[in-house]
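Tertiary structure, described
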Amino acid sequence: MQGKFARILLSFDQVHALGNQHSHAMTAMYSPAHDMLYDVDSLSPESGLEEETTPEEAGDVIGNCHRAPKATGNAAGNRTKNSCTTKFTWRIENVSRLQVNRLYSETFEVGDYKWRILIFLRGNKVDYLSVYLAVADSTNLPYLWSRYVQFSFAIVNQVDHKHSIRKGTSRQFNAGVRDWGFESFMPLTKLYNPNRGYLYNDTIVVEAEVTAEEAMGYIFCDSKKETGYVGLKNQGATCYMNSLLQTLYHIPYFRKVVYHMPTTVNDKPSASIPMALQSLFYKLQYSDEKVSTKELTKSFGWDTNEAFLQCDVQEFNRVLCEKLEKKMERTVVEGEIRKLFEGHHMNIIECINVHYRSCRIESFYDLQLDVKGCHDVYDSFDKYVAVEYLEGDNRYHAEQYGLQDAKKGVLFRDFPPVLQLHLKRFEYDFVQNIMVKINDCYEFPLQLDLDIENCKYLSPEADKSIRNLYTLHSVLVHRGDVHGGHYYAFIRPALSSQWYRFDDEHVTKEDMRKALEGLYGGEEEITPGIINALKVPFKFTKNSNAYMLVYVRESDRDKIMCSVDEKDIAEHLRERLKREQEAINISLVIWLIVFGLLGCDIAQERLKRELEKNKQQKKENEDERLKREQEKNEHKKEKQDKRLKREQEKTEQQKKEEENAHLYTIVKVTSDDDFAEQIGRNVFFDLVDHDKVKGFRVLKSTPFSVFNEEVAKEFGVPVQLQRFWLWTKRESGTYRPAQPLTHLEKTKTIEQLMEVLSCEVKTAELNLFLDLGQDLRQIPLPNKTEDDILLFFKLYDPETEDLRYAGRLYVKGIGTPADILPELNKMAGYAPDEEIKLYKEIKFEPTVICECINMKLTFKASQLVDGDIVCFQKSIPVETHQLIQCPDVPTFLEFQHNLQVVHFRSLKKPKDNKFCLQLSRLDTYDEVVGSIAQRLGVNDPSKIRLTSQDLSTQLPKPYHIKYRGVDNLLEMLLYDNHISDILYYEILDMYMPELQDLRTLKIAFFHAANNDMDINSLRLPKESTVGDILYYLRTMVELSHPNAELRLIEVFMHKIYKIFAVNESIESINDNYGTLRAEEICEEEKSLGPLDSLIRVYHFESVEIEKQMQIHNFGVPFLLVIHENEVLSHVKIRVQKKLNVPDDELSKWKFAFVSDGRAEYLQDSDILFSRFQNCDSSVYRERHLGLEHLPLVKNQDLLHLRSL
């Protein structure tokens, strides 16, 4: 047999050499122990680290004085076509007498497999009951054995079965994973509470239900053959990523976009996200084996540890899309992801009693829908767009009207072609103060119509011609609870009736019921049976339910579900991956032969077939490559010729343009329409922003008469009705129409006109104002005389604080404002005899100058000239001035000049905008806090404290703004010559002037009698001392006796860092890092002699981190007196008494002298005094007595668990 086997393999040396060529590919595919899945809540107990103990051995472990309390079990099972199931009940009796933590159940069988339960009664290094399923006969199984099982555990509530706790998961067991389960199944405090019913008559009942697949499990299950699709390997806890990647891959348009991202032959997948994702998608499309995601996660910059951290699907989806969009910038696929997933909704706030409406459009890539309180998706959308009324203390601050009752809501402007709905299955329970999972029944339809009830979800601005009817494409599922779980996906790739389940490496066909009704959540009833110890029906909550839904819009179906073939994939990627696959196929055969997994005849035929296939494939690939190369060269030459021609034409055009650039210029023509459109919106000073005015590109040699004709065509105004003015910059910095073109100037060219202006202002363009006259009835404009002055008028309404363009007039220099009052009232729509006031707008930089015009003086006497701007308004009574923020034009212009929109954030949530106010940069400190107090409804503004923003960190500055410590708002916002628009606020319980003279400190007081800790907050004058702290603290805490002495210490990282002197100033205390702790001084410490020493003691455990043992501190440190010749054994007795530690527990403790992070373990005969000599206990030095032990969980040992 050996000879025949050797002949089949040609020679062992040849096989060995050939195997070495492909060993990397072999390892990547079949590393049996390190590529397995690890759910967050389902972990292996690392069985090799601790000696195993069976129930029968437990009695011997505690000293042979008695046998172990009895732990019994019974099992019953049934077999189906593809799997077999066993239900096993394990009764652990006399729990209080068990001295071991780790305990195994009896062996039970599931089909042909043997299993047992492993339980940690006091937790596997956690404060929870730990339960695992273990393979009972792993040592007798053949090499590369594998079993795939689904299993669940229940801790039975023996008083009320409805409160039984049940958790389930699934796992591929093999030589690398022999036990799997739940490290944190339920809190120990809950299990051992006698009133809860889980520990009843000193007995715990554990139920297990195990379902094992037939044959050898999934390791030899051919997903490609069975379904046409392959799965993704789990790196540790990457099931969430795998489910999302499968969903995105099966959106063909997304896959095509990824394939079209530019990559090169030199790109490495481990260093390039586009290349890694292209490689992954290619393998999913063409590989016959499950695909690894390691190259992709390496391209993210993840290390091995991050692959074992489970993340949120929604968060990962957003991060992935952001990274891809960034990589797509300035490429042929830029913006494609946004087109696929982006929709828009409008946040609308509308005041009820005044005419004010705020609308803000925001984009979204996914929507978060409420599950709690909603029956289905439509209920969630109804809740999403529900109107909220802002009333009472929650009124809305409208910019011009103050606090107002308002309606707030959301409507959608458009939905994306691919709609991603994240269901809010997790929320914070404020009653229990924990995160919880919502397992309520929540239905989702196969077809989702978002145009129902006359498009009630859409805003009036939405395009109603788009039909928003969606078909369900995929469902992402979360199984587990808030502590962790497992993700997988149900997908129908072609939107057909056939659904598939993608569960990491495994792909199976599923019916529609499992993909829909089976994932709604809710409860399921279990009928009586052996698994139910109480023999009555009961309901349990299903923890496998839909977490994310993906819908495809029917009108975009053909585009989204497009065909994707090899022509969409870069050639260099196809060639590289084909070579890799060929190497893997040959390596697989050799690997199976070497390990004897294939018979000789089969191996010979398989190897021969693979080699011939490889040879034929190489020939076909070479022929195809040559053909493609030829076609590519021809296409490249044709493309190059076209490109060269275009470039030549473009170069010639650019050269011609560059040569002729000096021959052209831009002429911008402004009119009354431009003034009316801009003034009061983006322009408050002067007349227009020329950057927003349309320009004409004309030859400089163009006669102005020809340009007149072009303007006539553009504006529809005959040439005879046109009068042009030249703009001029004045000494005040303003820019106004200064002089009309004369008949002589109209005969010039554009260039000659620009030369007229060149002596005044150098500009690359010509700016003109088009005076169209007051009517367009083919009547030529009258000639302008020297006494005529062209004035522009703006109208200001102080009640609405609105400024708008009113028009323009020609006035006589010898005339007075009274002559034009009827005309101005007509412009404004006022009564002819309305009393108005006029102001001349002079300048606005660096300060605003706007002067009132004397109504009795002539225009010439008021120094008004062509192009001047006159603002006018109604005269308002003096007594109403104080009721209006900007009662006249000068104050309004001043306000606009200094206007600043400030976003306010609570100091407790420094990243969330709470509200915004329009303020003036000149507002005083009192005016700013007054506005905030009014917005927040705070009676006294002096209770509001402000903090500026550090623009370098985008976070609050470490110090607050002092009460009236700045002159105005500008000083609050100024940071290194830059102006921020964010301020942080907090509402205090006392007045700022009082608080500034006080120091607030939080002191933890430790009660030695009951090991309890109280937190006390003290506010003392800044000149106070530590003695003052202790004096006031005595009145706030319960002392052991009235004359007890106190001390104050600083604790940092579970070590005593400093002991404060009573005369030390509280200003020197730094409480930013450590915790301040006060405690009573014991009698022994009060009488210290020269041969005594007060040392610092703390608790620690040795933890292995990256194969190195490190010290991990925990618990509450304390001070201890030691004597000169006292040996460690005596010190132990006093420590035991101080901490109330039982003898058997103390025997497990190790005592060590710890210095500079290194522990030197001590013997009972060692004398401590010499090691701690010259160690001042009031000053921190790295010399401690360390107590090494595991954290205790019993009530009397809370001292060691409390963390400061």
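Please read all numbers here as calculations on a predicted model, not as lab measurements.

1. Overview of the overall build of the chain
The number of helices and strands found in the chain is 31 helices and 56 strands. For the chain, the residues scored as buried account for 47% of the 1204 residues in total. For the chain, contacts bridging at least 24 residues in sequence account for 66% of all contacts bridging at least 6. Accessible surface, the chain: about 62,100 Å² in total, of which carbon and sulfur atoms supply 49%.

2. Let's talk about the packing of aromatic side chains
Scanning the entire structure with this criterion turns up 47 aromatic pairs. Where F915 meets Y985, the ring centres are 5.6 Å apart and the plane angle is 50 degrees; that geometry is what we call tilted. Placement of the pair is F915 in strand β41 (residues 913-920) and Y985 in strand β46 (residues 982-987), with a sequence separation of 70 residues. Chaining the aromatic ring pairs together yields one cluster made of W115, F151, F153, F173, F182 and F185. Directly above the ring of F185 sits K167, whose terminal nitrogen or CZ lies 5.6 Å from the centroid. Positioned above the aromatic ring of Y488, the side-chain terminus of R501 is 3.9 Å from the ring centre.

3. Topic: the nonpolar core
The biggest cluster of nonpolar side chains holds 58 residues, and the ones touching the most others in it are F254, L324 and F341. With eight residues, the top contributor of residues to this core is helix α9 (residues 273-286). If sequence neighbours within four positions are ignored, F254 has contacts with L248, F281, L324, I337, L340 and F341. Listed in part, the 40 residues of the second largest apolar core include I117, F153, I155 and I165.

4. A look at the sheet that holds strand β37 (residues 836-843)
Taken in spatial order, the five strands line up as β36-β35-β39-β37-β38 in an open sheet, and their pairing is mixed. The open sheet has two edge strands with one neighbour each: β36 (802-812) and β38 (849-852). Neighbouring strand axes in the sheet, compared pairwise and without regard to direction, differ in orientation by 30 degrees on average. Across five bridges, the pairing between strand β35 (residues 788-797) and strand β39 (residues 868-874) is parallel. Each bridged residue has a counterpart across the sheet, and for L795 the counterpart in β39 is F872. Contacting β35, β36, β37 and β39, helix α23 (residues 817-828) runs over the sheet at an angle of about 140 degrees to β36.

5. Quick look at the pairing of strand β12 (residues 343-351)
Taking burial as the measure, the nine residues of β12 include seven buried ones, the bulk of the element. Pairing of β12 with strand β13 (residues 357-364), which is carried by eight bridges, proceeds in the antiparallel orientation. When the bridges of β13 are listed, G343 appears paired with F364. Once β12 ends, the chain turns through five residues before running back antiparallel as β13.

6. Things to note about the confidence of the model for the chain
Chain-level statistics for the chain give a pLDDT mean of 81 and a share of 83% at 70 or above. Helix α3 (residues 23-30) is the least confidently modelled element of the chain, averaging 31 in pLDDT, while strand β22 (residues 447-449) averages 95, the highest of any element. Considering only residues more than four positions removed or in separate chains, one finds that residues 529-535, a stretch of pLDDT under 50, has 17 contacts.

7. Re the environment of I452
Mapped onto the elements, I452 comes out in helix α14 (residues 452-455). Sequence separation between I452 and L469 is 17 residues; the distance between their C-alpha atoms is 9.4 Å. Once you skip the residues sitting within four places of it in the chain, I452 turns out to touch Y378 and Y457.

8. As for the pattern of salt bridges
Pairing of side chains with opposite charge becomes possible as their charged atoms draw close. Here the structure, examined in full by the defined rule, presents 45 salt bridges. K256 is the partner of D568 in a salt bridge, and the nearest nitrogen-oxygen pair spans 3.8 Å. Taken together, the positions of D568 in the loop between α16 (557-560) and α17 (571-594) and K256 in helix α8 (residues 252-259) put the pair 312 residues apart, joining distant regions of the chain. With a closest N to O distance of 3.9 Å, E325 and R338 form a salt bridge.

9. Focus: a positive patch on the surface
A grouping of K323, K326, K327 and R330 is seen on the molecular surface, where their side chains present a positively charged patch. By the element assignment, K323 lies in helix α11 (residues 313-328).

10. Points about the pairing of strand β54 (residues 1150-1155)
As defined by bridge partners, β54 adjoins strand β56 (residues 1183-1188) across six bridges and the pair is classed as antiparallel. If you follow S1155 over to β56, its bridge partner there is R1183. Sheet topology places β54 next to strand β55 (residues 1158-1161); four bridges connect them, and they run antiparallel. Each bridged residue has a counterpart across the sheet, and for F1153 the counterpart in β55 is E1160. Count of turn residues in the β54/β55 antiparallel hairpin: two residues, of which D1156 carries a positive phi of about 55 degrees.

11. A short note on the sheet that holds strand β51 (residues 1075-1080)
The five strands are arranged β48-β47-β51-β49-β50 in an open sheet whose pairing can be described as mixed. Looking at the sheet topology across the chains shown, the edges are occupied by β48 (1012-1021) and β50 (1055-1059). Each neighbouring strand pair of the sheet contributes to a mean axis angle of 40 degrees, computed without reference to strand direction. Looking at chain direction, strand β49 (residues 1046-1052) and β50 are connected through four bridges and run antiparallel. In the sheet register, F1052 faces β50, and the bridge partner there is K1055. In the packing of helix α28 (residues 1026-1034) onto the sheet, the strands contacted are β47 (998-1007), β48, β49 and β51, and the crossing angle to β48 comes to about 125 degrees.

Calculation rules
Residues numbered from 1 in each chain as written. Predicted model: local features only at pLDDT ≥ 70, side-chain atom pairs only at ≥ 80, totals over all residues. Heavy atoms only, no water. Helix = DSSP H or I, 4+ residues; strand = E, 2+ residues; numbered from the N terminus. Buried < 20%, exposed > 50% of the residue type's maximum accessible area, 1.4 Å probe, protein only. Contact = heavy atoms within 4.5 Å. Areas by Shrake-Rupley, 256 points an atom, 1.4 Å probe, with all protein chains shown as cover. Phe/Tyr/Trp six-rings, centres within 6.5 Å; stacked < 30°, edge-to-face > 60°. Lys NZ or Arg CZ within 6 Å of the ring centre and 35° of its normal. Core = buried A, V, L, I, M, F, W, Y, C linked by side-chain atoms within 4.5 Å. Pairing = 2+ DSSP bridges. Axes fitted to C-alpha atoms, helices over the stretch in contact; angles between N-to-C directions. pLDDT = per-residue confidence, 0-100. Salt bridge = Lys/Arg side-chain N within 4 Å of Asp/Glu carboxyl O. Patch = residues over 30% accessible without salt bridge, like charges linked within 9 Å, V, L, I, M, F, W, Y side chains within 5 Å. Lys, Arg positive; Asp, Glu negative; His and termini not counted. Charge placed at Lys NZ, Arg CZ, Asp CG, Glu CD.

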